[in-house]
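Chain by chain, the residues run as shown.
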Amino acid sequence: MNLLKKNIHIDCEEKSGLSQISLEEDINLSDNKPDVQKIIYEKGQIQIEEVNPTKDYVLVKGKLLFCMLYSSLEEGKGICYYEGKIPFEEKIFADGIQNTDRVKAKGDLEHLNIGTINSRKLSVQALICLRVWVDDMYDVALPIELEERETADGMTCQVQKKNLQVAGLVVRKDDILRIREEVQLPPSYPN
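Residues numbered from 1 in each chain as written. Predicted model: local features only at pLDDT ≥ 70, side-chain atom pairs only at ≥ 80, totals over all residues. Heavy atoms only, no water.

Quick notes on a nonpolar patch on the surface
Move 1: On the surface, Ile40, Tyr41, Leu69, Ile79 and Tyr81 cluster together to form a nonpolar patch covering roughly 490 Å² of accessible area.
Move 2: For the nonpolar patch, the elements supplying multiple residues, two or more each, are strand 2 (36–54) and strand 4 (79–93).
Move 3: Mapped onto the elements, Ile79 comes out in strand 4.
Move 4: A residue is classified by how much of its surface remains accessible, and Ile79, at 59% relative accessible area, is exposed. (Patch = residues over 30% accessible without salt bridge, like charges linked within 9 Å, V, L, I, M, F, W, Y side chains within 5 Å. Areas by Shrake-Rupley, 256 points an atom, 1.4 Å probe, with all protein chains shown as cover. Salt bridge = Lys/Arg side-chain N within 4 Å of Asp/Glu carboxyl O. Helix = DSSP H or I, 4+ residues; strand = E, 2+ residues; numbered from the N terminus. Buried < 20%, exposed > 50% of the residue type's maximum accessible area, 1.4 Å probe, protein only.)

Below, the structure written as structure tokens:
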């Protein structure tokens, strides 16, 4: 009794690392924004800008982007909107990562708290979870059919089958296309 096998491609997380960082910063409101009376709503997200792998470490640079709605002390202003950003840089330990690996990174905002110190100053506190990993692709041979249903002693084997839908994408790579063009600027523009 021989099994017929077929290869399938599987992405597997090879090496990974995790780090939690806290950000805390005091921010002054710009002059064109009205004074803060009460914070109504706050929201934030993590933007990863740069991922640099080295031996066993990954340097992740990014920003915490936040926004808030607040009521103003000034008459006639009503509800106002403010947005800001706080940059961060974190070195994450990931055993086995080399500087030639294609490292992926993801940041999750675990907690965000925006408070007022006074009517012109905000206190922003955030807890961020950063995760880095390297995916590797490998093939696995899975049985799909019996070549012969009868065994050597005359017994027959039964086969139960079920069709499954699997993804069809085999490999996805990021390609870089550089376009170089010359553009004439008007004489009144600076270089």
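We are not done yet, so read on.
What about the environment of Leu127?
Move 1: Positionally, Leu127 belongs in strand 6 (residues 121–146).
Move 2: Relative accessible area serves as the criterion here: at 29%, Leu127 is assigned to the partly exposed category.
Move 3: Between the alpha carbons of Leu127 and Leu23 there is a distance of 6.4 Å; along the sequence they are 104 residues apart.
Move 4: Beyond its immediate chain neighbours, meaning those up to four positions away, Leu127 contacts Gln20, Ile21, Ser22, Asp108, Leu109, Glu110 and His111. (Contact = heavy atoms within 4.5 Å.)

Focus on the side chain of Ser19
Move 1: Looking at where Ser19 falls in the secondary structure, it is placed in strand 1 (residues 3–28).
Move 2: Looking at Ser19, its side chain comes within polar contact range of the side chain of Glu90, at 3.1 Å.
Move 3: In this structure, Ser19 is in contact with Glu90, Ile92, Ile128, Cys129 and Leu130, ignoring residues within four places of it in sequence. (Polar contact = N/O pair within 3.5 Å; in protein donor to acceptor, adjacent residues only side chain to side chain.)

Considerations on the environment of Ser30
Move 1: As for its position among the elements, Ser30 is in the loop between strand 1 and strand 2.
Move 2: In this structure the C-alpha to C-alpha distance between Ser30 and Arg120, which are 90 residues apart in sequence, comes to 8.3 Å.
Move 3: In this structure the side chain of Ser30 is engaged in a polar contact, spanning 2.7 Å, whose partner is the side chain of Asn32.

Let's talk about the sheet that holds strand 5 (residues 103–118)
Move 1: With antiparallel pairing, three strands are arranged side by side in an open sheet as 1-6-5. Two strands in the sheet have a free side with no partner beyond their single neighbour: strand 1 and strand 5. Each strand of the sheet is rotated relative to its neighbour by a mean of 10°, with strand direction disregarded.
Move 2: Here strand 5 runs beside strand 6; their pairing, made up of 14 bridges, is antiparallel. Within strand 6, the position partnered with Lys106 by the bridge is Arg131. (Pairing = 2+ DSSP bridges. Axes fitted to C-alpha atoms, helices over the stretch in contact; angles between N-to-C directions.)

Observations concerning the sheet that holds strand 4
Move 1: Reading across the sheet, the three strands line up as 2-3-4 and stay open at both edges, with antiparallel pairing between neighbours. The open sheet terminates on both sides in strands that have one partner only, identified here as strand 2 and strand 4. Averaged over all adjacent pairs, the angle separating strand axes in this sheet is 15°, with direction ignored.
Move 2: The sheet contact formed by strand 3 (residues 57–72) and strand 4 spans 15 bridges and is antiparallel.

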